[in-house]
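Reading the structure
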Amino acid sequence: MRRIKQMRLAWLLAILLIMLACNVPSASTPTPNLLATLSAVTALPADSTLQPDIVPSSISEPTGKIAFVCQIFKAQASNQICIIHADGSGFQRLTTDDTRQHYYPSMSPDGQSVIYAAFREPNIYEIYEMNIASGNVTQLTDRLGNLNGPEISPDGSLIAFKLSTAAANQIWVMNRDGTNPHFIPNALGWDPTWSPDGMSILFASDMQGGVQLYTIKLDGSELLKISNLPAIRGRSDWSPNGQFIVTYSGEAWKRDVYIMNADGSDARMLSPTGGNSQGPSISPDGQWVAFTSYYDHYGEDHGCEIYIMRVDGSDVRRLTDNDYCDYQPRWGP
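Residues numbered from 1 in each chain as written. Predicted model: local features only at pLDDT ≥ 70, side-chain atom pairs only at ≥ 80, totals over all residues. Heavy atoms only, no water.

**Considering the environment of Gly90**
Secondary-structure assignment places Gly90 in the loop between β2 (80-85) and β3 (92-93). You can call Gly90 partly exposed: its relative accessible area is 42%. Remark: the alpha-carbon pair of Gly90 and Lys65, spanning 25 residues in sequence, is separated by 9.1 Å. The contact partners of Gly90, leaving out residues within four places of it in the chain, are Ile83, Ile84 and His85. (Helix = DSSP H or I, 4+ residues; strand = E, 2+ residues; numbered from the N terminus. Buried < 20%, exposed > 50% of the residue type's maximum accessible area, 1.4 Å probe, protein only. Contact = heavy atoms within 4.5 Å.)

Below is the structure:
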């Protein structure tokens, strides 16, 4: 009798083990090798350290909003600022003055406002900030000169911008409310954008001959030339984790978006060719790039539209489709 009980107990234990085994999760599916994927698309060398802060593209969809210049009157003198959701919905014109130029928009770090430059009088462009929800506009500068390319620092406290004089283009910084504007020593160039930690600024310059990208500290120290590409123009961006930079390069009507490490190494073409692609901006999650291109209207003066693509150059999507030019996209939350 005792032996029978032992046999029954053994059978019960065996059945219990089988049931538990059925509920044990199987080995997880290996995470795709994102560097290998990027390398396959952009021909990166095997020892590259370029590792964008992305998750598998199959589960990454674009979020946030993108501010851009919308040339709805087909004339630069009447450029406006518009905004669109990253999925292509919610198009909205923000500025309302039909009689003057507005350009170089960028989003605030909290996504609540858009900052941009606008014409005031000959040789005077001011910097403005607009609250997206209310439409209220605040003028931040007052006759400093010809200003453009404003961008708010990651902590929201400062604004970097370009001031053009007859002698040079200079990178300036001021407080968020427009007070204490001052030139960054040694920063001769244009199209400033902030490092994610807010300690450095990336900008384009021809201070050493051909136009290249440089980084500099806010006190004017540690000026570094980081790029070595032909025909760079400007309007670059820095990834949220600080690991990589996007820019654009090439001859007129043959421009392409490039990606490189933050120190300028391993530069590779990112955008598909044939679109005259330019002006890239990285999404806040670091997984997408917005840019201007002419893929669907190549060669047409008013053919530029806003596109997005994943940071490996795949999944190109068009967000705008107008009979006028949309350009200078800047991504925000």
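What follows picks up the thread again.
**Notes on the layout of surface pockets**
The gaps left among the atoms become clear once a water-sized probe is rolled over them. In this structure, the largest pocket occupies an estimated 680 Å³ of space. Taken together, 28 residues line the largest pocket, and the ones lying closest to its centre are Arg233, Tyr248, Gln278, Tyr327 and Gln328. Of all the secondary structure elements, the ones that give two or more residues to the lining of the largest pocket are β4 (102-107), β12 (190-194), β20 (278-282) and β24 (326-332). A breakdown of the residues in the lining of the largest pocket according to their chemical character gives 11 nonpolar, 11 polar and 6 charged. Each pocket or cavity is described by its volume, and for the second largest pocket that value is around 460 Å³. Lining the second largest pocket are 24 residues, and of these Glu151, Pro154, Asp237, Trp238 and Trp331 lie nearest its centre. When contributions to the lining of the second largest pocket are tallied by element, the ones reaching two or more residues are β4, β8 (146-152), β12, β16 (237-238), β20 and β24. Here the lining of the second largest pocket is composed, by residue class, of 12 nonpolar, 9 polar and 3 charged. (1 Å grid on protein atoms, 1.4 Å probe; cavity = no way out; pocket = protein on both sides within 12 Å on 5 of 7 lines; lining within 4 Å. Points joined across faces, edges and corners; volume = space filled by probe spheres on them. Nonpolar A, V, L, I, M, F, W, Y, C, P; charged D, E, K, R; others polar.)

**Quick look at the nonpolar core**
Looking at soluble globular proteins, one finds that nonpolar side chains tend to be buried together. Ranked by internal contacts, the top residues of the largest apolar core, which has 20 residues, are Ile81, Ile83, Leu94, Tyr103, Met107, Val114 and Tyr116. If you list the elements that add at least two residues to this core, you get β1 (65-70), β2, β4, β5 (113-121) and β6 (124-131). When residues in this core are grouped by element, the largest group, 4 residues, is from β5. For Ile81, the residues in contact, after removing those within four places along its chain, are Phe68, Val69, Cys70, Arg93, Leu94, Thr95, His102, Tyr103, Pro105, Val114 and Tyr116. Counting residues in hydrophobic clusters, the runner-up holds 13 residues, among them Cys70, Cys82, Ala86 and Trp331. (Core = buried A, V, L, I, M, F, W, Y, C linked by side-chain atoms within 4.5 Å.)

**Concerning the state of the cysteines**
Counted by the stated rule, this structure contains 2 disulfides. Cys70 shares a disulfide with Cys82; S-S distance 1.9 Å. The disulfide joining Cys70 to Cys82 has a torsion of about 75° about its S-S bond and is therefore right-handed. One end of the pair, Cys70, is in strand β1; the other, Cys82, is in strand β2, with 12 residues separating them in the sequence. Comparing Cys70 with Cys82, the two get one shared label, buried. Put simply, Cys304 and Cys325 are joined by a disulfide, and their sulfur atoms are 1.4 Å apart. Measuring handedness by torsion sign, the sulfur bridge of Cys304 and Cys325 sits at about 55° and is right-handed. (Disulfide = S-S within 2.5 Å.)

**What to know about the pairing of β5**
Strand direction decides the pairing type here: β4 and β5, joined by 4 bridges, are antiparallel. Bridged to Ser106 within β5 is Ile115. As consecutive antiparallel partners, β4 and β5 are separated by 5 residues, and within that stretch Gly111 has a phi angle of approximately 75°, a positive value. As paired elements, β5 and β6 share 8 bridges and run antiparallel to each other. (Pairing = 2+ DSSP bridges.)

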